[in-house]
Amino acid sequence: MNEIVNAVTAAADNQQHSRETVGKRLIEHIVAQVSNVPTDLSMDTRFDAIEIDSVDLVNVVFAVEEEFGIDIPLGDERVFVTLADFADRVVALLAEQGKA
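Parameters at a glance
- Residues numbered from 1 in each chain as written.
- Predicted model: local features only at pLDDT ≥ 70, side-chain atom pairs only at ≥ 80, totals over all residues.
- Heavy atoms only, no water.
- pLDDT = per-residue confidence, 0-100.
- Contact = heavy atoms within 4.5 Å.
- Helix = DSSP H or I, 4+ residues; strand = E, 2+ residues; numbered from the N terminus.
- Buried < 20%, exposed > 50% of the residue type's maximum accessible area, 1.4 Å probe, protein only.
- Salt bridge = Lys/Arg side-chain N within 4 Å of Asp/Glu carboxyl O.
- Phe/Tyr/Trp six-rings, centres within 6.5 Å; stacked < 30°, edge-to-face > 60°.

J.: For this particular structure, what's the right way to read the confidence of the model for the protein chain?
T.: Note that predicted coordinates carrying low pLDDT should not be read in detail. Per-residue pLDDT for the protein chain averages 83, and the proportion of residues at 70 or more is 82%. Every residue in residues 1–15 scores below 50 in pLDDT, and together they form 3 contacts with partners more than four places removed in sequence or on other chains.

J.: Help me out: how do you make sense of the environment of Val90 in this one?
T.: Relative to the elements of secondary structure, Val90 occurs in helix H5 (residues 83–96). Owing to a relative accessible area of 1%, Val90 belongs among the buried residues under this scheme. Dropping the residues within four chain positions of it, Val90 is found in contact with Val22, Val64, Phe68, Ile70 and Ile72.

J.: So what exactly am I meant to see when it comes to the pattern of salt bridges here?
T.: Pairing between side chains becomes possible if they bear opposite charge and their charged atoms approach one another. Applying the stated criterion to the full structure yields 7 salt bridges. One salt bridge connects Asp88 with Arg19, and the closest N-O pair in it is separated by 2.7 Å. Of the two residues, Asp88 is situated in helix H5 and Arg19 in helix H2 (residues 19–33); the sequence distance between them amounts to 69 residues. Classification of Arg19 by relative accessible area gives partly exposed; the value is 37%. Here Arg46 makes a salt bridge to Asp48, at a shortest N to O gap of 3.3 Å. Counted as one network, the salt bridges with shared partners bring together Arg25, Glu28 and Glu67.

J.: Can you walk me through the packing of aromatic side chains in this structure?
T.: For any pair of aromatic rings, geometry is given as the distance between the ring centres together with the angle between the planes. Overall, the coordinates contain 3 aromatic pairs when judged by the stated rule. Ring centres 6.2 Å apart and planes at 35 degrees place the aromatic pair Phe47 and Phe86 in the tilted group. Of the two residues, Phe47 sits in helix H3 (residues 47–50) while Phe86 sits in helix H5, which places them 39 residues apart along the sequence. For Phe86, a relative accessible area of 0% gives the class buried. Here the aromatic cluster, defined as three or more aromatic residues joined through ring pairs, consists of Phe47, Phe80 and Phe86.

Laid out in structure tokens, this is it:
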């Protein structure tokens, strides 16, 4: 019985931290932190299209770290081209840090 409960809990955790779910929360953090953000953000949106400055990006990174209980290595944010890149990195870090 415990195996079934553990399997269901693991499946729920994986669903909770899916790319889509993380991406949705990332978009919500960007909207909350960045002024004049486009209203049509999607996972394909490029960071250069958002015109996010470094301070706002750091605030978004901190908010995501706090929400998901992860540490995003310094400098990772410089390699994100799209919101999907950021969401994929968060999902990978959740798995690496045993929180997926």
